[in-house]
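# Structural description and commentary
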Amino acid sequence: LVWKKNKKSPAGPTLLLSRIPPSQISITITHRGRTRSHLMNLSRIMSNAILRASALPKSGPYPTLDPFLFCVYHKDAYPADVTGKGEFVHRGNGADFDPNADYRMYHGDHIPGFPQHPHRGFETITATIDGIVDHADSLGNAGRYGEGDVQWMTAGKGIVHDEMFPLLDKPNHTRFFQIWLNLPRQAKMVSPSFAMFWANDVPIWKAEDGLAKVTVWAGHYFGIGEGEQNKPPPDSWATDVENDVGVLHIEVQPGGKMVLPKANNSKSNRSMYLIEGADGQVKVDDKSVSEKVCLTLDATKDVSIELPATAKEATEFLVLQGKPIDEPVVQHGPFVMNTQSEIRDAFMDYQRTQFGGWPWPRDDMVFPKDKGRFALVDGKETYPDGGKKSKDEL
C-alpha cells in the first residue's frame, strides 16, 4: 500500500505498509530522502471486539443494555433444614444483601427469598445453574425448579409472584441469574404468561475436546435452530427471531478455547459478564482479563475465548444480547413503562386490584420438602421427565 500526503507534491511523505508476522505490520515512512521503519501491533490500528470494560459490583445488579433492564447473579449456600419446618430459626432483617455472607435472606423472614410482590411492563427470566427455587403467582401458577431449568414469566399488564429459596433435607446451594427483559410499548399491557423450560430441553453446545460448552438459554447460536430452541412466551421481544435475543452461559475449562460468533443482527447490543474464574489467565479477544467485568462487545465481530491449561479453575461468562427496543424507559421499583403517567397508573391499578389477588396461604409460599421439581401452569402440573421426582433426585 502506498499513500502520499499531498498528491500534487512529489516531495510529500510516502507511507509503505507490509505484513510481517500475523500480529504485526511493518511501517516504512520515506520523506525527503530519509526513511524510517517501525513495527506496530495490529491491535493498535485494527478495531477489536471489546468496546469497553467495567468492573462488576460485588453485589447488586449488573449493568445492562437495551432490551435488558436488570441482571443479578445469585450465589447462596443455604444449609440443610434442621427445624423440620423448612425455615430458619433466626429471622431476616427484611433487606439482607450482605455480599460477604455465605448466604442471604434477601427480603425473606424465616425463609430466604422474595415474598409476594408485583410486576408490570416487562418479563423475568430466571436461568438456573445449581440449586432449587420455588415460585408462586397471582394466576395460580407455581413451580419448583433449578439445576439448569429456566423459568420465563411475562408480567405484562400485571402479576404478583414470589421467589423463594427453600430449606431442604440437604444443603440448597443456589446459582442462578434473575434477568429482566423489557417489553415494547405495544406489549406492556398484554395478559401475563408463564413458561418453564426443563434442563434436559435446554440446548447445550460442547467443543469437540470437551473443554468448552455453551448453554443456550435463549437465542439461535451454535447450531441451535428455531425448531431446536424453546419458544419464549408469545408476547416476548424474544419471540421475533429478528430481534436476536440471546441469553448464553459459557464455561471454559483449563486448556479450552472457543469462539463466540458474531450476532445474527448487526444492530444488536451485546454484553458479556465474567462471573467465575477471574484469575487473570483467561483471554477474551486476545486480551487478558483479570477481574470480574462487564465487557461491552461489538456484536458484528466474532469473539475468541481462551483459557490456558495452567489455569486453576474454569472460567464462566454470561452473555446478554438483543436488538434494542429503542423506546423511553421509565422505571419505579417493580414497574417499567414508557411514561411517568403510566407508572402512576400502575400503582393505582395495583392498589385497586392487587393484580388479581394472592391465592396462596402465605406470602412466602414454598412447597413440601419432599416434592420434586414441577410446574403448575393453567391448572396442569408437569414434571421434567413426565413423572414425579423424589426428594433424593432434587
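The rules behind these values
- Residues numbered from 1 in each chain as written.
- Predicted model: local features only at pLDDT ≥ 70, side-chain atom pairs only at ≥ 80, totals over all residues.
- Heavy atoms only, no water.
- Helix = DSSP H or I, 4+ residues; strand = E, 2+ residues; numbered from the N terminus.
- Buried < 20%, exposed > 50% of the residue type's maximum accessible area, 1.4 Å probe, protein only.
- Contact = heavy atoms within 4.5 Å.
- Areas by Shrake-Rupley, 256 points an atom, 1.4 Å probe, with all protein chains shown as cover.
- Pairing = 2+ DSSP bridges.
- Phe/Tyr/Trp six-rings, centres within 6.5 Å; stacked < 30°, edge-to-face > 60°.
- Lys NZ or Arg CZ within 6 Å of the ring centre and 35° of its normal.
- Salt bridge = Lys/Arg side-chain N within 4 Å of Asp/Glu carboxyl O.

### Some points on the overall build of the protein chain
Counting its regular elements, the protein chain contains 2 helices and 28 strands. Sorting the 394 residues of the protein chain into buried and exposed places 49% on the buried side. Contacts in the protein chain between residues at least 24 apart in sequence constitute 69% of all its contacts with a sequence separation of at least 6. Summed over its atoms, the accessible surface of the protein chain is roughly 18900 Å², and 50% of this surface lies on carbon and sulfur atoms.

### Overview of the sheet that holds strand S21 (residues 287–288)
An order of S18-S23-S20-S21 is seen for the 4 strands of this open sheet, with the pairing classed as antiparallel. Among the strands making up the open sheet, the edge pair consists of strand S18 (257–260) and S21. Direction of pairing for strand S20 (residues 283–284) relative to strand S23 (residues 303–306): antiparallel, over a ladder of 2 bridges. Paired with Lys283 across the strands is Glu306, a residue of S23.

### Section: the packing of aromatic side chains
Following the criterion strictly, the structure yields 21 aromatic pairs and no others. Between Tyr73 and Phe177 the ring centres are 5.0 Å apart and the planes differ by 25°, which places this aromatic pair in the stacked class. Of this pair, Tyr73 sits in strand S6 (residues 68–78) while Phe177 sits in strand S13 (residues 172–182); the two residues are 104 residues apart in sequence, bridging distant segments of the chain. Linked through ring pairs, Tyr78, Phe88, Phe97, Tyr103, Tyr106, Phe114, Phe165 and Phe176 together constitute an aromatic cluster. The ring of Phe374 is capped by Lys371, whose NZ or CZ atom sits 4.4 Å from the centre of that ring.

### Section: the pattern of salt bridges
Taken as a whole and judged by the stated rule, the model has 15 salt bridges. Between Asp349 and Arg120 there is a salt bridge; the shortest N-O distance is 3.0 Å. Highlighted residues: Asp349 in helix H2 (residues 340–353) and Arg120 in the loop between strand S7 (113–119) and strand S8 (122–130), separated in sequence by 229 residues. Considered together, Asp349 and Arg120 belong to a single accessibility category, that of buried residues. Measuring nitrogen to oxygen at the nearest pair gives 3.1 Å for the salt bridge that ties Arg175 to Asp130. Pair noted here: Arg175 is in strand S13 and Asp130 is in strand S8, with a separation of 45 residues, a long-range link. Note on Arg175: relative accessible area 14%, which makes it buried. Overlapping salt bridges, with partners in common, bring together Asp81, Asp169 and Lys369 in one network.

Function-wise, these values are silent; they only describe arrangement.
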